[in-house]
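# Results of the structural survey
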Amino acid sequence: MDITRVAEQGLVLLGCGKMGSAMLAGWLEHGLPPASVWVIDPYPSDWLKAQGVNINTPLPEAPAVVLVAVKPQMMGEALPAIQALGGGKSLFVSVAAGKSIATFESVLGSDTPIIRAMPNTPAAIRQGITALIGNNHASGDDLTLAENLLSAVGETVRLDNEAQMDAVTGLSGSGPAYVFHLIETLAAAGQAQGLPAELAMKLAKSTVAGAGALAKVAEDDPTQLRINVTSPNGTTQAALEVLMHDEQGFPDLLHRAVKAATDRSKELSRE
C-alpha cells in the first residue's frame, strides 16, 4: 500500500465509527504516520484517542484524501465541515451508503474528484470487499489511491457505472446479514433434529465460515464444489432437492431478497 502522498499531504477522516476505525487501524499498521491523520468525530472513542492522530482540530488546507465515513443520516450536518476542501486539490472518497456522487458534487462542486465506495461489515476483520466508482474528475491515479486505502480492510473491485452500486448494496453490502441469518437458521434446524443449542451453533458457524473460506481459495467454482460434496442419492442430495426447488428454494428466495435490497437502495438514494 503506497501511502507516501497521503503521509505528506495528510488524510481527513470524517466519522470514525466501526468502519472508520477498521480503516484507520489498517492504515496505521501499514505505516501511515498518526500525525498525518485528522479525524472529525463528535464522540471519539477511547481507542481513537490513544492512536496519536489529530482529533477535531483545524484541518490542513489541501489534504491528499478526505474520506467520508459518517452514517448517511448524519451526512447533512457533517458535510459543511469539509465543504471548503472541495474544488479539485483533495480526493474525496465516500463509504456512506445510499449517497450518490451527485449529492457530493452539489456540496463540493462538480470539479472535485469524488469516489463512491461500498464496503461491507467483514471489513472489521479485514475480510471485507469494497466496490468503487469515480466521477468524471477522478483519475486513474485517484482510483488506485482509493483502492490502496480500502485494501486495508479487504479486497476491492471497480464498477463500470454508478447504477451498479444499488445491486452491489443488495448483494455484498447487505449480504453479510443474509449469511448471519443462514447461520441462525441452520443452527436452529440442527437443534430441531436433536442437537444441543450450543453445539448446533458451533457446527453452523464453522460450516459456513469453512465453506466460505474454501470457496474463496478453491480453483473450482462454487457449482463444482457443490457437486463434489453431493454423492448420488446421498444425504446432501436429499437436502439440495429441498434447497434447489424452483419455487420454494434458495434461487427464488435469494433473487427476491437481493432485489428487495436493491430496490430499497434505489429509493434511499433518491430521498
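Keep in mind that this is a model prediction, so the values were computed, not measured.

Attention now goes to the side chain of Ser265. Structurally, Ser265 is set in helix 12 (residues 250–270). When its relative accessible area of 6% is taken as the criterion, Ser265 is described as buried. Discounting residues that sit within four places of it in the chain, Ser265 has contacts with Asp166 and Thr169.

The next subject is the sheet that holds strand 4 (residues 65–68). The strand order across the open sheet built from 8 strands is 3-2-1-4-5-6-7-8, with neighbouring strands paired in mixed fashion. Among the strands making up the open sheet, the edge pair consists of strand 3 (54–55) and strand 8 (154–158). The sheet contact formed by strand 5 (residues 91–94) and strand 6 (residues 114–118) spans 3 bridges and is parallel. Bridged to Val93 within strand 6 is Ile115. Against the sheet, helix 2 (residues 18–29) engages strand 1 (11–14), strand 2 (37–40) and strand 4, with an angle of about 160° to strand 1. Taken strand by strand, helix 7 (residues 164–173) contacts strand 6 and strand 7 (128–134), and its axis lies near 30° from that of strand 6.

Residues Val37 and Val39 line one face of strand 2 and the alternating positions Trp38 and Ile40 line the opposite face, and both faces are buried. Of the strand pairs in this sheet, strand 1 and strand 2 are connected by 4 bridges, and their pairing is parallel. When the bridges of strand 2 are listed, Leu11 appears paired with Val37. Between the parallel elements strand 1 and strand 2, the chain passes through helix 2 in a crossover that is right-handed. Pairing geometry for strand 2 and strand 3, over 2 bridges, is parallel. Bridge pairing in strand 3 links Val39 to Ile55.

Let us now look at unusual backbone geometry. A positive phi angle, near 60°, is found at Arg126, a position not held by glycine. With respect to the secondary-structure elements, Arg126 resides in the loop between strand 6 and strand 7. A positive phi angle is found at Asn233, which is not glycine, with a value near 60°.

Time to look at the environment of Glu241. Structurally, Glu241 is set in helix 11 (residues 235–243). Considering only alpha carbons, one finds Glu241 and Ala257, 16 residues apart in sequence, at a separation of 21 Å.

Before going further, it helps to spend a moment on the pairing of strand 7. Most of strand 7 sits inside the fold, with 5 of its 7 residues counted as buried. Summarising the sheet, strand 6 and strand 7 pair through 4 bridges and their orientation is antiparallel. Within the sheet, the bridge partner assigned to Met118 lies in strand 7 and is Ala131. Pairing geometry for strand 7 and strand 8, over 5 bridges, is parallel.

Cut-off values and rules
Residues numbered from 1 in each chain as written. Predicted model: local features only at pLDDT ≥ 70, side-chain atom pairs only at ≥ 80, totals over all residues. Heavy atoms only, no water. Helix = DSSP H or I, 4+ residues; strand = E, 2+ residues; numbered from the N terminus. Buried < 20%, exposed > 50% of the residue type's maximum accessible area, 1.4 Å probe, protein only. Contact = heavy atoms within 4.5 Å. Pairing = 2+ DSSP bridges. Axes fitted to C-alpha atoms, helices over the stretch in contact; angles between N-to-C directions. Right-handed = clockwise from strand over helix to strand, strands pointing away.

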